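# Close look at the chain arrangement
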2 protein chains.
Amino acid sequence: MKEKQAEVGITVKKSEDFSEWYQQVVLKSELADYSKVSGCMVYRPKSYEIWEKIQDFFNKKIKSLGVKNAYFPLLIPESLLNKEAEHVEGFAPEVAWVTHGGSSKLNEKLAVRPTSETIMYDSYSKWIKSHRDLPLRLNQWNNIVRWEFKDPMPFVRGREILWQEGHTAFATRKEAKEEVLQILDYYESVYHDLLAVPVLKGRKSEKEKFAGADFTTSVEVFLPMGKAAQAATSHLLGQNFAKAFDISFKDENEEKQYVWQNSWGLSMRAIGMMIIVHGDDKGLVIPPKATINKIVIVPIIFKKSKDEVFKKAKELKKELKKFNPIFDDREGYSAGWKFNEWELKGIPIRLELGPRDIENNQVVLVRRDTGKKKNVKLADLKQKINQMLEDIQNNLFENAKKFLDESIIEVKDFKQFKSVIKKEKIAFGQWCGEVECEDWIKDKSGGAKSLNIPFGQEKIKGKCVHCSKPAKFKAYFSKSY
Amino acid sequence: MKEKQAEVGITVKKSEDFSEWYQQVVLKSELADYSKVSGCMVYRPKSYEIWEKIQDFFNKKIKSLGVKNAYFPLLIPESLLNKEAEHVEGFAPEVAWVTHGGSSKLNEKLAVRPTSETIMYDSYSKWIKSHRDLPLRLNQWNNIVRWEFKDPMPFVRGREILWQEGHTAFATRKEAKEEVLQILDYYESVYHDLLAVPVLKGRKSEKEKFAGADFTTSVEVFLPMGKAAQAATSHLLGQNFAKAFDISFKDENEEKQYVWQNSWGLSMRAIGMMIIVHGDDKGLVIPPKATINKIVIVPIIFKKSKDEVFKKAKELKKELKKFNPIFDDREGYSAGWKFNEWELKGIPIRLELGPRDIENNQVVLVRRDTGKKKNVKLADLKQKINQMLEDIQNNLFENAKKFLDESIIEVKDFKQFKSVIKKEKIAFGQWCGEVECEDWIKDKSGGAKSLNIPFGQEKIKGKCVHCSKPAKFKAYFSKSY
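Residues numbered from 1 in each chain as written. Chains lettered and ligands numbered in written order. Predicted model: local features only at pLDDT ≥ 70, side-chain atom pairs only at ≥ 80, totals over all residues. Heavy atoms only, no water.

## Observations concerning the relation of the copies chain A and chain B
Both copies of the chain are related through a single rotation about an axis accompanied by a shift along the same axis. The transform that puts chain A on chain B rotates by 180° and translates by 0.0 Å along the axis, for an RMSD of 0.0 Å. The two molecules are tied by a two-fold rotation axis, judged by turn and shift. Relative to the rotation axis, the C-alpha of A:V98 is the closest in chain A, positioned 2.1 Å from it. (Least-squares fit on C-alpha atoms with pLDDT ≥ 70 in both.)

## Looking at the interface of chain A and chain B
You'll often see interface size given as the accessible area lost when the parts meet. With 57 residues of chain A at the interface, the matching set in chain B holds 57 residues. Taking both sides of the interface into account, the surface hidden between chain A and chain B amounts to around 4,400 Å²; carbon and sulfur atoms contribute 59%. Sorting the residues of chain A by area buried against chain B places A:K36, A:Y71 and A:W127 first, and these three jointly supply 14% of that buried surface. Our count for the chain A to chain B interface comes out at six salt bridges. If one sorts the elements of the side of chain A that touches chain B by residue count, strand β5 (residues 96-101) of chain A sits on top with six residues. Split by residue class, the side of chain A that touches chain B holds 33 nonpolar, ten polar and 14 charged. In the sheet, β5(A) pairs with strand β5 (residues 96-101) of chain B via five bridges, with the strands oriented antiparallel. For A:G101, the partnering residue across the bridge sits in β5(B) and is B:A96. (Contact = heavy atoms within 4.5 Å. Buried area = accessible area lost by both parts, 1.4 Å probe. Salt bridge = Lys/Arg side-chain N within 4 Å of Asp/Glu carboxyl O. Helix = DSSP H or I, 4+ residues; strand = E, 2+ residues; numbered from the N terminus. Nonpolar A, V, L, I, M, F, W, Y, C, P; charged D, E, K, R; others polar. Pairing = 2+ DSSP bridges.)

## As for the packing of helix α3 (residues 45-65) of chain B against helix α7 (residues 173-194) of chain B
Residues and elements named next belong to chain B. At a minimum axis separation of 11 Å, α3 and α7 run at an interaxial angle of 150°. With respect to their mutual orientation, α3 and α7 come out roughly antiparallel. Here α3 and α7 pass one another in a crossing that is right-handed. Together, K53, I54, F57, F58, K61, I62, S64 and L65 of α3 and Q182, I183, Y186, Y187, S189, V190, D193 and L194 of α7 make up the contact between the two elements. Partitioned by chemical class, the residues of the contact of α3 with α7 number ten nonpolar, three polar and three charged. (Axes fitted to C-alpha atoms, helices over the stretch in contact; angles between N-to-C directions. Parallel < 35°, antiparallel > 145°, perpendicular 65-115°, else oblique. Left-handed = near helix turned anticlockwise from the far one by under 90°.)

## Overview of the sheet that holds strand β18 (residues 362-367) of chain A
All names here are of chain A. Read from one edge to the other, the open sheet built from five strands follows the order β16-β15-β17-β18-β19, with strand pairing classed as mixed. Each end of this open sheet is capped by a strand with a single partner; those strands are β16 (326-327) and β19 (373-377). For strand β15 (residues 295-299) and strand β17 (residues 349-353), the ladder comprises five bridges, and the chain directions are parallel. Within β17, the residue paired with I295 across the bridge is I349. Packing against the sheet, helix α11 (residues 335-344) makes contact with β15, β16 and β17, and its axis sits at approximately 170° to β15.

## Thoughts on the environment of B:P114
Residues and elements named next belong to chain B. Take P114: it is sitting in the loop between β6 (104-112) and α6 (117-127). P114 sits in the buried class, given a relative accessible area of 1%. Contacts of P114, omitting those with residues within four sequence positions, involve L81, F91, V95, I144, V145 and R146. (Buried < 20%, exposed > 50% of the residue type's maximum accessible area, 1.4 Å probe, protein only.)

## Here we look at the pattern of salt bridges
If you walk through the whole model with that rule in mind, you get 57 salt bridges over all chains. Residue A:K256 pairs with A:D246 through a salt bridge whose shortest N-O separation is 3.3 Å. Within this pair, whereas A:K256 is found in strand β13 (residues 256-258), its partner A:D246 is found in the loop between α8 (240-245) and β12 (248-250), the two being separated by ten residues in sequence. A:D246 sits in the partly exposed class, given a relative accessible area of 38%. The partner of B:K345 in a salt bridge is B:E30, with the nearest N and O atoms 3.7 Å apart. Linking B:K345 in the loop between α11 (335-344) and β17 (349-353) with B:E30 in the loop between α2 (18-28) and β1 (32-34), this pair joins segments that are 315 residues apart in sequence. On the basis of relative accessibility, which here comes to 35%, the residue B:E30 falls in the partly exposed class. Salt bridges here are not isolated pairs; linked through shared partners, they connect A:E30, A:D328, A:R330, A:K338, A:E341 and A:K345.

## Digging into the nonpolar core
In terms of nonpolar packing, the biggest core is built from 191 residues, with A:Y191, A:L195, B:Y191 and B:L195 touching the most fellow members. In contact with B:Y191, other than residues within four places in its own chain, are B:A196, B:V197, B:V199, B:V219, B:V221, B:A231, B:L266, B:R269, B:A270 and B:M273. Judged by nonpolar contacts, the second largest core, of 26 residues, contains B:V285, B:F310, B:L381 and B:I392. (Core = buried A, V, L, I, M, F, W, Y, C linked by side-chain atoms within 4.5 Å.)

## Considering the sheet that holds strand β22 (residues 449-450) of chain A
Residue and element names in this part refer to chain A. The strand order across the open sheet formed by four strands is β20-β21-β23-β22, and the pairing between neighbours is mixed. Each edge of the open sheet is held by one strand with a lone partner, namely β20 (408-410) and β22. Pairing of β22 with strand β23 (residues 473-478) involves two bridges; the strand directions are antiparallel. Residue pairing across strands places K449 opposite S478, the latter belonging to β23. With respect to the sheet, helix α14 (residues 414-422) is in contact with β20, β21 (426-431) and β23, its orientation differing from that of β21 by roughly 155°.

## Focus on the domain arrangement of chain A
Taken domain by domain, chain A holds domain 1 (12-278), domain 2 (295-388) and domain 3 (408-478). Each of domain 2 of chain A and domain 3 of chain A was reduced to a C-alpha centroid, and the two centroids are 51 Å apart. (Domains from an automatic or database assignment.)

## Describing unusual backbone geometry
With an omega of -10°, the peptide bond running from A:L134 to A:P135 counts as cis. Tracing the backbone through its elements, the reader meets A:P135 in the loop between α6 (117-127) and β7 (136-145). Positive phi, normally seen in glycine, also occurs at A:A196, with a value near 60°. Summarising the element assignment, A:A196 is placed in the loop between α7 (173-194) and β9 (200-203). For A:A196, a relative accessible area of 0% puts it in the buried group. In this structure, B:E30 is a non-glycine residue whose phi angle is positive, near 65°.

Following this line, the structure appears as structure tokens:
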């Protein structure tokens, strides 16, 4: 038994060896596994169910806006990919190329989509003729391939990515801009309300914006080991693609106009953020709203009591059906062993049930997030569980929010800036926003990048804390994934 | 206006030029469109919403069995694809190969998955160690690529296919077999209960079974132009893959056993079947259960009445919200033009509303399937719509079932057989089931193939109607897609 337990549990501390900790959590909790293809993961049911929750959550929101789901081809001819110059420059080095069908060489090589702008906009230019065809708002849930050579990290960075990509076209910049920000709010909501992960919301710098966009907005997550990660992006593409692909329409005066376009995407990286933000030395912690099985029932049995406890446990499983409880009825494992396994797997609430509990008409509920135990009378059980799940969801968010807030340090000069970056926190200070300045900062600070520039800032006076040119706004900087 | 109408409507009859009819229906109703990649289609919202309905319907069923969704990599190393001999033989000629990442040549070429047996079973062999790990029941909703050189046909045949593939492993053949048949019943239900398409259910012949399977079961659809199409398959793979991939477990006596495996798949072809079976000379006919917008409200307006009619139409749109009505409030199109467009797009019920209807507290409901009109009092409206939708769903199924039943002709000898095949119907007769005999039949009948062999047949006496060897069962034969 001892040996088995050692195999199952996490053997390192999150704060001491993050990268080993992350790998163990992902593999041992059965979220994902490595495959025979370097950089491509297998997403097991445990993580895919979270992805389905995200899909449902986000689909409801975008469908209410009038966005519709569709599907475009996986393979993109090289000539089409080359049609928008900045775009192809951004993606070409990472494209996986299909060159053969069976044993025949193809006339033109085909890119496995790194993103779908080009293949979609080729259709958009056919479909959009009149102002009556606008807005056109489509979204895809699909797989993309980017043949990166950096070390893969399950969910966070890899060669095949599951994501959604929304691509919309409007008659006016105003409508497009409104949508960009609306979608960004939805992304924030996926993180806040479903995954209990707080984000920083804002506009990306010129240097960090999407290749070919007018501007890019993002939500960013700051991780416990002192690095930020881009968590989702929403781009105002402007008219660059419209001009390259001739996506134009006759307006009400029969005059030709180019459309205004957006694109926006959220990937399985969201699950990685959730794991990293909430996980602890015992393993995974899943916010209740992101998981199907909100409870695990572990029977505490002694020789004679088994039948009675199992009978009651089965009753409870039925009664608590709406929480999809798992009843761990396996033989040959101690209760303690089971506790560890379900903690590793992040189930929000453990319900312990022994003969003494039955006598007292109660059960013991144990919170995964705090480890706190509570005796609960059967009569109050559903209501107490509902309350506890809500408390867990809120507590996870509040803790992460506190960490984020405490990580943001205002800086007045570059010396302070460097010291904040060195302490692995977020430096927030006045900035000119220029590409050369950001290059310089990265070089001089040991790799800090701008995360984003919060919206709704008051007019800025004074200088950039980095290069002393006039400042335009305050921006977040930190090290990044 | 006239010109526009000609552009929009279907210009050929289904019975006269099926292939042109099909293409026009698919393109003009905006179900799908061609892309820049030969053989790969764009699936527009109108068809993707049907796919989402199928996903929801089938997910509920398989999840209730304990099957879980997961995701495995798109790209499969050549060496892994080669691991099961019969399997690779079946797929290698149609594999799209990735040979380069960016500008670097890969060490080993990667197949864009034509199906996922090999990549999944590599993981299964790692995950399955003990009888406690069984059954393992996973399903994927994904895209596959088969680089066919036959003419593409939207939904029915193409190079990129959206489908689900279930892959399960059991300790015993008995459990596996039970699941194969259970899943086949679910496929039948997708067709019958959602798409209103009747199917023939049975076991495939030795010649037609899946490469590497013990046996294959299928549902088959017989199409109005006298050809059958395989509509979904459920395979008992037996232990071939288990042995090739070493998927084994220690049983309760600590002895090594190989697992028994199944795989089963349903693709977007189902949407093609629905279009072909129900469509008519006016265009698409979608069964009510397969569409979101069950009603279109078309206002019938005269100069003075517009405001009044629009106001009432908007009220009705709200009141009938559960049917997701479209309110066609476009200006500059006649009511007749709108009727044609929505008939082309297959909306089950048209609700006409004019000033006289408002006076009489009624609307006119028009059924897409029969074209019948009915005045309905506002007080009864919801109930009458519910009833009409049910009638349409049933009527579509009954009509198609009648056609199928009338197409099946019992044959006693090969002369009758040939005559039935020539008349483009289904020949049903006693058969030996042997591969050589099926080859001979195909050759001598101008291309007839066995569809499947119905389950639960009584013991057969007498001879094969084709080769005079002892018959084993009765089987369906026809020409096929």
